[in-house]
Amino acid sequence: MGNEMYRDMAPKQVRSLIAEEKITGATSGMCAGFAQANLVILNKEDAKEFEEFALNNPKPCPIIEITQDTYFTSTCAEKGNILSEIPKYRIWKNGQLAEEPLNVEKYWQEGMSCFLIGCSFSFEEALIRGGIEVRHIALDRNVPMYRSNISCKPSALGKFYGPVVVSMRPMTREQAEVAIEITSRFPRVHGAPIHVGDPKFLGISDIMKVDYGDTPVIKDGEIPVFWACGVTPQAAIEQAKLPLVITHAPGHMFITDLLNESLAQGG
């Protein structure tokens, strides 16, 4: 059954189950129709430069909401608790992954800022409506993600830089053409693919060796289709080596109260 049992549930209800640690897995396919978001939490002194980095790289880092000195959302959800309503988090210390807890309330520090960044899970519903199987949802797995050879535009002071991380969905070439048309309507959640076909173009030597997520299942006649991914900030955080940063674990998102269509062009 997997995530299918949560497909038609309201975001607030699923977030409550997440806060109670009754849901701890990846969120793809949950709460059909509602947008999901990636997370980055930084100390006050780093937040402005990270915001600049995100604005410099709108394809992988489209900002949906920023909260300052509070961990409750207002735009994405009414008083959504960012510290407990994501199934799994990552704690980064000096650029190293230190822990993957289910709740990060004990790590909160006064003055921190939370960045909620658009997620490609938001356009997957539109792909399915368009007749395209989203393989990782069909198999109840996490989406495959890779560090590409495309460099982000660094922040002016150079603290934040690194590769664009990409997510991949296999499909036929004909489906890819439809997927480009569908996802181009969603620039606030990564938009159209950045590459279709040979993964070596992105510096990926072995498509079966992921950097994040689960190994893909690619059928005969299918090609990989790559989108910019909101895990990109985590690669930049590794480079920045900050004392403390909190992020979501890849594939484990904050489920918002925003409709996916509200993030589409004309939405």
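As a reminder, the structure under discussion sits directly above these lines.
Here's what I pulled together on the structure shown here. All values derive from a computational prediction rather than experimental measurement.

### Quick notes on the pairing of strand β5 (residues 113-118)
Within β5, six of the six residues are buried, which leaves it mostly tucked inside the rest of the structure. Where strand β1 (residues 34-42) meets β5, six bridges bridge the pair, whose relative direction is antiparallel. When the sheet's bridge partners are listed, A37 is paired in β5 with G118. Strand direction decides the pairing type here: strand β2 (residues 63-68) and β5, joined by five bridges, are antiparallel. Counterpart to E65 in the pairing with β5 is L116.

### Concerning the side chain of S167
In this fold, S167 is placed in strand β7 (residues 163-171). According to the relative accessible area criterion, S167 is buried, its value standing at 0%. One polar contact links S167 to R169, side chain to side chain, over a distance of 2.9 Å. Residues contacting S167, with those up to four places away along its chain left out, are S120, V143, P144, M145, V225, F226, W227, A228 and C229.

### Observations regarding empty space enclosed by the protein
Throughout the structure, instances matching the rule amount to three cavities of 30 Å³ or more. In this model, the largest cavity occupies a volume close to 140 Å³. Lining the largest cavity are 16 residues, and of these G29, M30, A32, F121 and E125 lie nearest its centre. Secondary structure elements with two or more residues in the lining of the largest cavity: β1 and α3 (121-129). At five residues, α3 tops the list of elements feeding residues into the lining of the largest cavity.

### Quick notes on the pattern of salt bridges
Opposite charge on two side chains allows them to pair when their charged atoms are near. Under the criterion given, the structure shown has 14 salt bridges. With a closest N to O distance of 2.9 Å, E124 and R169 form a salt bridge. Here the residue E124 occupies a position in helix α3, and R169 occupies one in strand β7, the gap between them amounting to 45 residues. Each member of the pair, E124 as well as R169, carries the same accessibility label: buried. Overlapping salt bridges, with partners in common, bring together E125, R129, R185 and E261 in one network.

Conventions we followed
Residues numbered from 1 in each chain as written. Predicted model: local features only at pLDDT ≥ 70, side-chain atom pairs only at ≥ 80, totals over all residues. Heavy atoms only, no water. Buried < 20%, exposed > 50% of the residue type's maximum accessible area, 1.4 Å probe, protein only. Helix = DSSP H or I, 4+ residues; strand = E, 2+ residues; numbered from the N terminus. Pairing = 2+ DSSP bridges. Polar contact = N/O pair within 3.5 Å; in protein donor to acceptor, adjacent residues only side chain to side chain. Contact = heavy atoms within 4.5 Å. 1 Å grid on protein atoms, 1.4 Å probe; cavity = no way out; pocket = protein on both sides within 12 Å on 5 of 7 lines; lining within 4 Å. Points joined across faces, edges and corners; volume = space filled by probe spheres on them. Salt bridge = Lys/Arg side-chain N within 4 Å of Asp/Glu carboxyl O.

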